[in-house]
Number of protein chains: 2
Amino acid sequence: MAKREDEPAREVLDAVPAVMRFIRAQMRGHRALGLGVPQFRTLVYIERTGGTSLGGVADHLGLTPPSACKLVDGLVGRGLVTRGESAEDRRRLTLEITPEGARAMAAARGETQRSLSRILGALDDEELRSVTRAMTALKCAFAEERSPANGNHRA
Amino acid sequence: MAKREDEPAREVLDAVPAVMRFIRAQMRGHRALGLGVPQFRTLVYIERTGGTSLGGVADHLGLTPPSACKLVDGLVGRGLVTRGESAEDRRRLTLEITPEGARAMAAARGETQRSLSRILGALDDEELRSVTRAMTALKCAFAEERSPANGNHRA
DNA sequence: TATTGTTATACTCTATAACTATA
DNA sequence: TATAGTTATAGAGTATAACAATA
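This structure is a prediction, so every number in the text was calculated from the model and none was measured.

Caption draft 1: Representation of the packing of aromatic side chains in the model. This model, assessed by the stated rule, comprises 2 aromatic pairs over all chains. Relative to Phe142 of chain B, the ring of Phe22 of chain A has its centre 5.1 Å away and its plane inclined at 65 degrees; by these criteria the two rings are edge-to-face. Of this pair, Phe22 of chain A sits in helix α1 (residues 6–29) while Phe142 of chain B sits in helix α6 (residues 125–146), each in a different chain. The two residues Phe22 of chain A and Phe142 of chain B agree in class, both being buried.

Here it is as structure tokens:
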């Protein structure tokens, strides 16, 4: 029994990996400090929250604590993030972005967005509007999937 | 100078990694033989072309030959693909999907599409139409990026 | 000499299991 | 005992560089 959301699902599975591969290549390849996508997202999150913990990063990215730990390790090792102790609870980390981190993040975002823009320039106005609407809707749908405690819905 | 494609580009960079993370988790996590996304795409391509070479896989996925080689290695090791020599040109491989490979591929696709459908079920009809249109447009735009010889446009 | 694929090596990303330190 | 984070280990996925075999 085909549902109205089946065709969109098929299309998503077809298109998203291709777009992702492009984003990844841009992120890694584009000059200077090649940031991976998860590194980039971690920087964005740490900057936005200012002083988040390791657990915060893990939750936000949907990672296990060891994965988040290694990810942050890499960023600290490259001087893009500082890892400090919290005063009240000495188990807890206080992660902050450094000026170089902020610079690297902005550079990576700019480069990647410019590359995406270049490609999207081939689309007509109606297609561009569809892309914006679709991305907004997908962000909502998949954001709600991670926040409410679950991790993978009804496991 | 902001162009009409800049906002869509920003949204793509925001939404696509989140969706991709979900797809990846479904692919890997869902029962039996957990296929990774690139493994899945490789199976799809090998089945579709029937007897493609390593270079064909590398081009299609946008990978370097060593990466494609390792990817195929894994699939051969798990009995999902056979690697034979070509009769005319003995440097060239002839890759074929096995029955188990076809089964694994179909299972992974079904599971993942069902999971995606479940999430997309939360969207209204207008949003679903936008998703379908957007994915079709993105597929075209990013497919043309890889085929015409380049790999990364004006490098 | 050019093309096809492979091996060696290395790095990122991710997970599970076992551990430490603090609460 | 429970929580925050780390270390150890392992495997997928990717790249570059150096190589082998074939054309």
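Now that the structure has been shown, the text picks up again.
Caption draft 2: Region of interest: the nonpolar core. One finds Val12, Ile23 and Phe142 of chain A together with Val12, Ile23 and Phe142 of chain B to be the most contacted residues of the largest nonpolar core, which totals 85 residues. Excluding anything up to four places from it in sequence, Phe142 of chain B contacts Val19, Phe22, Leu116, Ile119 and Leu120 of chain A.

Caption draft 3: Spotlight on the interface of chain B and chain A. Between chain B and chain A, the residue contacts involve 54 residues of the former and 55 residues of the latter. Summed over both partners, the interface of chain B with chain A buries about 5,700 Å², with 70% contributed by carbon and sulfur atoms. The largest per-residue losses of area from chain B upon contact with chain A belong to Leu13, Met135 and Phe142 of chain B, which jointly make up 12% of the total buried on that side. Counting across the chain B and chain A interface gives 8 salt bridges. Between Arg133 of chain A and Glu126 of chain B there is a salt bridge, and its shortest N-O distance comes to 3.2 Å. Remark: the boundary between chain B and chain A carries 14 residue pairs in polar contact (both at pLDDT 80 or more). Of all elements in the fold, only α1 (6–29), α2 (37–49), α5 (99–120) and α6 of chain B reach the threshold of two or more residues within the side of chain B that touches chain A.

Caption draft 4: The protein's contact with DNA strand D, seen in detail. Around DNA strand D lies a shell of 27 residues, among which Cys69, Arg91 and Leu93 of chain A together with Ser67 and Lys70 of chain B are the nearest. Measuring from a phosphate oxygen of DNA strand D, one finds a backbone N or O atom of Leu93 of chain A at 2.8 Å. When residues of the surface near DNA strand D are traced back to their parent elements, those giving at least two are α1, α3 (54–61) and α4 (65–77) of chain A together with α2 and α4 (65–77) of chain B. Its residues assigned to classes, the surface near DNA strand D comprises 10 nonpolar, 6 polar and 11 charged.

Caption draft 5: Focus on the relation of the copies chain B and chain A. Overlaying chain B with chain A gives an RMSD of 0.1 Å, the required rotation being 180 degrees about an axis along which the chain moves by 0.1 Å. On this basis, the relationship between the two copies can be described by a two-fold rotation axis. Relative to the rotation axis, the C-alpha of Ser130 of chain B is the closest in chain B, positioned 2.4 Å from it. The residues that chain B uses at the interface reappear at the interface of chain A in 100% of cases, marking a shared surface.

Caption draft 6: Structural detail: the side chain of Thr112 of chain B. Within the element layout of this structure, Thr112 of chain B appears in helix α5. One polar contact links the side chain of Thr112 of chain B to the main-chain carbonyl oxygen of Ala108 of chain B, over a distance of 2.9 Å. Every residue in contact with Thr112 of chain B, bar those within four places of it in the chain, is listed here: Leu13 of chain A together with Ile23, Gln26 and Met27 of chain B.

Caption draft 7: Representation of the side chain of Thr42 of chain B. Here Thr42 of chain B shows up in helix α2. Thr42 of chain B has contacts with Val57, Leu61, Leu71 and Leu75 of chain B, leaving out every residue within four places of it along the chain.

Caption draft 8: Fine view of the protein's contact with DNA strand C. Near DNA strand C there are 26 residues, and of these Ser67 and Lys70 of chain A together with Gly55, Arg91 and Leu93 of chain B occur at the shortest range. Restricting attention to atoms of DNA strand C within 4 Å of the protein, one finds that 67% of them are sugar or phosphate atoms. The contact in question runs from a base oxygen of DNA strand C to an N or O atom on the side chain of Lys70 of chain A, over 2.7 Å. A distance of 2.9 Å separates a phosphate oxygen of DNA strand C from a polar backbone atom of Gly55 of chain B. Broken down by secondary-structure element, the contributors of at least two residues to the surface near DNA strand C are α2 (37–49) and α4 of chain A together with α3 (54–61) and α4 of chain B.

Rules behind the numbers
Residues numbered from 1 in each chain as written. Chains lettered and ligands numbered in written order. Predicted model: local features only at pLDDT ≥ 70, side-chain atom pairs only at ≥ 80, totals over all residues. Heavy atoms only, no water. Phe/Tyr/Trp six-rings, centres within 6.5 Å; stacked < 30°, edge-to-face > 60°. Helix = DSSP H or I, 4+ residues; strand = E, 2+ residues; numbered from the N terminus. Buried < 20%, exposed > 50% of the residue type's maximum accessible area, 1.4 Å probe, protein only. Core = buried A, V, L, I, M, F, W, Y, C linked by side-chain atoms within 4.5 Å. Contact = heavy atoms within 4.5 Å. Buried area = accessible area lost by both parts, 1.4 Å probe. Salt bridge = Lys/Arg side-chain N within 4 Å of Asp/Glu carboxyl O. Polar contact = N/O pair within 3.5 Å; in protein donor to acceptor, adjacent residues only side chain to side chain. Near = heavy atom within 4 Å. Nonpolar A, V, L, I, M, F, W, Y, C, P; charged D, E, K, R; others polar. Least-squares fit on C-alpha atoms with pLDDT ≥ 70 in both.

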